[in-house]
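For reference, the chains in residue letters:
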Amino acid sequence: MEMLQQRLDQAGTLRSMSDRFSGTAADAPATLEADRQAARVLSVTSGKGGVGKTAVVSNVALALAQMGKKVLIIDADLGLANIDVVFGLTPQYNLNHFFNGDRSLLEIMVEGPGGIKILPAGSGMQTVTRLSSEQKMKFLNDLDSLHGDFEVVIIDTEAGISENVTYFNVAAQDILVVTTPEPTAITDAYALMKLLSVQYHEKRFNLIVNSVRDAGEALDVYRKLTMVSNRYLDISIDYLGCVPQDKRMREAVRRQRVMVDLFPRTKASAAFETIARNLISTPQNVGPKGSLQFFWRRLLSFGQGA
């Protein structure tokens, strides 16, 4: 166990973050929310790439849509955007066009299977934290106009611990961390939670373990992370579920369809549906972090004044 902790702490030697979150609940008057539907804002994130984070986003989103939920996906993987690819979409515009002032959010929004709406990102897009005040204000206004249209907003973040990753995770209501049973993936998942806890005072995380042989392997990963976190961090980790290995996942990616759509009767698809049901059954945080309006304001206030 000490050896595992040494590896985790080595991986957790994180870069210094010069910009700290400066927004407060006062930034979003509660009266603005009184007559509007509260949407749940989820960030799906991972300590390293290749763990199936985007597969989780796309399949859980479709499972939620099939349950009657109105879902919006924001592709926040600004360097390697691929949500549109896994759904087999070819959007004409993306967030680059919005921030350049060429198109509105409604004009770049595309529809995926099950009525899912997607705001696609463009490869090579500048980091959101470096946008001008005018760009941030326009983003806020346009996003606010969408408020009430969705019940669940899912943000597909980049992998790793970059400023953009922390930017979206700190603003979201619920943080879903995706990992696999591989030691490096577990180590990096811990490093990400450590950063968000120590630097940004996040205390609650949800864990999804992907590509497992069986449920026992997933629970072992959860147990390891919980034991180390209980010893060294003041956080809680809720177990949302696991997704079994399935060679048909590659076939789904190749055909630009998601498992829940292409192979609905597989164990993997059932697992994604279980995770979606677990999300629905989890009580929604009624505090400021659960407010969509507050999310946008908190998101855009992060790093301001630099």
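Quick note: structure is the one above.
Here's a quick rundown of the structure. (Residues numbered from 1 in each chain as written. Predicted model: local features only at pLDDT ≥ 70, side-chain atom pairs only at ≥ 80, totals over all residues. Heavy atoms only, no water.)

### Focus: the layout of surface pockets
Next, step 1: Space inside the largest pocket adds up to approximately 820 Å³.
Next, step 2: Going through the elements one at a time, helix H2 (53-66), strand S5 (152-159), strand S7 (204-212), strand S8 (236-244) and helix H10 (248-254) are the ones with two or more residues in the lining of the largest pocket.
Next, step 3: When residues in the lining of the largest pocket are grouped by element, the largest group, five residues, is from H2.
Next, step 4: Broken down by class, the residue content of the lining of the largest pocket amounts to 13 nonpolar, 12 polar and nine charged. (1 Å grid on protein atoms, 1.4 Å probe; cavity = no way out; pocket = protein on both sides within 12 Å on 5 of 7 lines; lining within 4 Å. Points joined across faces, edges and corners; volume = space filled by probe spheres on them. Helix = DSSP H or I, 4+ residues; strand = E, 2+ residues; numbered from the N terminus. Nonpolar A, V, L, I, M, F, W, Y, C, P; charged D, E, K, R; others polar.)

### Looking at unusual backbone geometry
Note on backbone geometry: most residues besides glycine have negative phi, and most peptide bonds are trans.
Next, step 1: At His 201, a residue that is not glycine, the phi angle is positive and equals roughly 60°.
Next, step 2: Locating His 201 in the fold gives a position in the loop between helix H8 (183-200) and S7.
Next, step 3: Classification of His 201 by relative accessible area gives exposed; the value is 53%.
Next, step 4: Non-glycine residue Ser 211 carries a positive phi angle of around 55°. (Buried < 20%, exposed > 50% of the residue type's maximum accessible area, 1.4 Å probe, protein only.)

### Here's the deal with the sheet that holds strand S4 (residues 117-119)
Next, step 1: If you walk across this open sheet you meet the eight strands as S3-S4-S2-S5-S1-S6-S7-S8, and the pairing is mixed. The outermost strands of the open sheet, each flanked by one partner alone, are strand S3 (110-111) and S8.
Next, step 2: Of the pairings in the sheet, the one linking strand S2 (residues 71-76) to S4 comprises three bridges and is parallel in character. Note that in S4 the partner of Leu 72 across the bridge is Lys 117.
Next, step 3: Packing against the sheet, H8 makes contact with strand S1 (40-46), strand S6 (174-179), S7 and S8, and its axis sits at approximately 160° to S6.
Next, step 4: Contacts from helix H9 (residues 215-232) reach S6, S7 and S8 within the one sheet, and its direction differs from that of S8 by about 160°. (Pairing = 2+ DSSP bridges. Contact = heavy atoms within 4.5 Å. Axes fitted to C-alpha atoms, helices over the stretch in contact; angles between N-to-C directions.)

### Here's the deal with the side chain of Thr 45
Next, step 1: Position of Thr 45 relative to the elements: it lies in strand S1.
Next, step 2: Engagement of the side chain of Thr 45 in a polar contact is seen with the side chain of Asn 169, the distance being 3.2 Å.
Next, step 3: Among all residues touching Thr 45, those that are not within four sequence positions of it are Lys 53, Thr 157, Glu 158, Val 165, Asn 169, Ile 175, Leu 176, Val 177, Val 178 and Leu 192. (Polar contact = N/O pair within 3.5 Å; in protein donor to acceptor, adjacent residues only side chain to side chain.)

Keep in mind that these numbers describe shape and distance, not what the molecule does.
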